[in-house]
Amino acid sequence: MRSAAEPAPAAPPSPGGPPVHPDDNDRSDAPGAAQTSDEAGTDPAAGGSSKLDEIIATRRAKVAELRAAGVEPYPVRFAPTSTLAELRARYPDLDPQTDTGDAATVAGRIVSIRRLGKLTFVVLREDGVDLQLFCPRAALDEASRALIGLLDVGDWLGADGEVVATKTGELSVKPATLTLLSKGLRPLPDKWHGLSDTEARFRQRELDLVVNADARRVFELRSRVLKALRVELDERGYVEVETPMLHPIPGGATARPFVTHHNALDADLYLRIAPELYLKRLIAGGMRRVYEINRSFRNEGMSTRHNPEFTMLESYEAYADYHDVMELTEALVSRAAEAALGTTSATSQGREVSLAAPYRRVTLLELVREATDRPDLDYAMEPAALREICHDHDVHVEDAWGAGKLVLELYEALVEHTLWEPTFVLDYPVEVSPLARRHRSEPEVTERFELIMVGREHANAFTELIDPADQRERFEAQARAKAAGDEEAMVVDEAYLRAMELGLPPTGGLGIGVDRLVMLLADVANIRDVILFPTLRPERAQEPGDPGTGPGTAEGQTGP
RNA sequence: GCGCCGCUAGCUCAAUUGGCAGAGCAUCCGGCUCUUAACCGGCAGGUUCGGGGUUCAAGUCCCUGGCGGCGCACCA
């Protein structure tokens, strides 16, 4: 994204004068530059692998040759009359050797070239759809005849000609004119094996998208899921809002935040771990139904299910309780499934799962009683007795944990991964739910549920705590835990308490992990497969002091 | 963060017990007017992830660092 790097975009070939291209500015052929290294030394991106250098040098030479012939290799604009997909849809099955007489102008990236003497086949790809150009030399105008010999796989190309079907029945455009739209300098991965190196796929997603159809499938599915979630919420009268990602104090979840610093304010800020508190302040302000779909950031471990930045949907609705939110959750998940798959029946890890509403509802306590075969188990039990039950099931415990935390640990260790079909697990202990309202009839628990599907948590919701005095006590308990060393515990958020003191109506709130929902629907095992550019360790910087490969040449182009 | 596995040509992968670093595709040169993993002939392409060690000899064994994958831990 360095727009300043194009000081003279699409410079027209100057009449009479020699072709000049910006690349020359950082080449060392200026008089007096005692640069003796070969072509390789001028490419800041090439580490020293000479075959790649050779390919890039060859293609740069083609750029120069094209400019010398008056062809702009990076033109300003092109106007196709149809996409490749539209053309395929318009001519679903032409008979072999049909000349339709219809003209079409198409464009795409060249993914294959087959030269058979005076006949060339070029395969264009656009938005994942391929179309062949059937290019007998005799059909091309003079400029296109010169151009076609300089084309490479990876170039962007436009073609203007007749829609035909070849002898074998392959739908094709037979161009009279070829227009180079952008000359690619780097080779594409193997046309047959594609790009399978996972690191390369994540670091160079653009390459993954060019050659791997599955990458495109996943991200198109993701887009449909996002749209479906928005449409469902919009139809229900929710307003989409955007609240800060820079927070003066982290809140809304128990997690370790990223810290950053604002210079003019001379203040530390935290990347948000959840939008929750701001969204509830909007409810306090009288916005009846709001939602936000965007990133949150947690400075914790990374895994196949955890990226440091991830997308969450949070929604809040005045007057609602968690039973209302369950109904909303069912509608959102089943609608997302319909949008993604055309059905509420999904396959995950080779196993079916039905996402059709309604979903099973069962309390956390019931599940733990069942799993431990202890019908007497209860939040009122002595913690020592609960610890013993944990010990019997090899569940790790810590001294500071109360009954609620211990029961939750049992649930997470013994039950959660066994819940395959969508299940609302209800009524989490107060101790582990600092922002949820106490249950209307069970004092030890809150009105909170998590939605478990295929053994994993996908949503977390509750009847919100709206009593400011209760909230202050919960915050203070969290602050004590933090002082005692719990790095994830919350701090007292006075701005939020002030909003609550203004009066928060009864409110039902929901959070859905969007990446995980997409993982489920796309049936992929790694969260990095549903995030276009997942967080990776930075690539190692180039060796300092390595002549000719430092940042100097690249920076030199960036202009003022 | 811990454990296990991986890293060889632009891409996908080989390389016997430690014994001359190879193939296919792509590139480059030549041929070919119905191909679609086009075909035929030829040339070239290597810091075997980096550094160190053992050895007559290291892609291979040892140490160390880098990056990635998987599992565990934590969370969504």
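Check the entry above for the structure.
Presented here is a report on the structure given in the accompanying data block.

About the criteria used
- Residues numbered from 1 in each chain as written.
- Chains lettered and ligands numbered in written order.
- Predicted model: local features only at pLDDT ≥ 70, side-chain atom pairs only at ≥ 80, totals over all residues.
- Heavy atoms only, no water.
- Helix = DSSP H or I, 4+ residues; strand = E, 2+ residues; numbered from the N terminus.
- Buried < 20%, exposed > 50% of the residue type's maximum accessible area, 1.4 Å probe, protein only.
- Areas by Shrake-Rupley, 256 points an atom, 1.4 Å probe, with all protein chains shown as cover.
- Pairing = 2+ DSSP bridges.
- Axes fitted to C-alpha atoms, helices over the stretch in contact; angles between N-to-C directions.
- Contact = heavy atoms within 4.5 Å.
- Near = heavy atom within 4 Å.
- Phe/Tyr/Trp six-rings, centres within 6.5 Å; stacked < 30°, edge-to-face > 60°.
- Polar contact = N/O pair within 3.5 Å; in protein donor to acceptor, adjacent residues only side chain to side chain.

All right, on to the overall build of chain A then. When its secondary structure is counted, chain A shows 15 helices and 18 strands. The burial tally for chain A puts 44% of its 560 residues in the buried class. Roughly 28100 Å² of accessible area belongs to chain A as shown, and the carbon and sulfur atoms make up 52% of that amount.

For the rest of this paragraph, the subject is the sheet that holds strand β5 (residues 171–182). A barrel is described by the order of its strands in space; here five strands give the closed sequence β1-β2-β3-β5-β4, paired in mixed fashion. Between one strand axis and the next, the sheet turns by 50° as a mean value, whatever way the strands run. Looking at chain direction, strand β4 (residues 156–165) and β5 are connected through 10 bridges and run antiparallel. In the strand pairing of β5, A159 is matched with L178.

What follows deals with the environment of W401. Relative to the helices and strands, W401 is located in the loop between α10 (383–392) and α11 (403–414). Among the residues examined, W401 registers a relative accessible area of 15% and is labelled buried. Taking the C-alpha atoms as reference points, W401 and A339, separated by 62 residues in sequence, lie 43 Å from one another. Once residues within four sequence positions are removed from consideration, W401 is found in contact with R387, H396, L406, E409 and E431.

In this section: the protein's contact with RNA strand B. Near RNA strand B lie 51 residues; those nearest to it are T168, K191, H306, R516 and R528. Elements supplying a minimum of two residues to the surface near RNA strand B: α1 (50–68), β1 (99–116), β2 (119–126), β3 (129–136) and α4 (198–203). Tallying contributions element by element places α1 first for the surface near RNA strand B, with six residues.

For the rest of this paragraph, the subject is the packing of aromatic side chains. Scanning the model with the defined rule gives five aromatic pairs in all. Summarising the aromatic geometry, the rings of F121 and F134 are spaced 5.7 Å apart at their centres and angled 50° between planes, so their arrangement reads as tilted. Of the two residues, F121 sits in strand β2 while F134 sits in strand β3, which places them 13 residues apart along the sequence. For F121, a relative accessible area of 15% gives the class buried. Taken together, a centroid distance of 5.6 Å and an interplanar angle of 40° make the contact between Y359 and F424 tilted.

Our next topic: the sheet that holds strand β17 (residues 456–463). An order of β6-β10-β11-β18-β17-β16-β15-β14 is seen for the eight strands of this open sheet, with the pairing classed as mixed. Of all the strands in the sheet, just β6 (239–240) and β14 (360–363) have a single pairing partner and so form its edges. Bridging between β17 and strand β18 (residues 507–513) involves five bridges; their strand directions are antiparallel. Across the sheet, the residue bridging to A459 is I512, located in β18. Sheet strands in contact with helix α14 (residues 514–522) are β11 (309–318), β16 (448–453), β17 and β18, and its direction is about 55° off that of β18.

Take the side chain of T423 next. Assignment of secondary structure puts T423 in strand β15 (residues 423–426). At 2.8 Å, the side chain of T423 and the backbone oxygen of E421 are in polar contact. Excluding residues within four positions of it along the chain, T423 makes contact with R360, V362, E450, L451 and I452.

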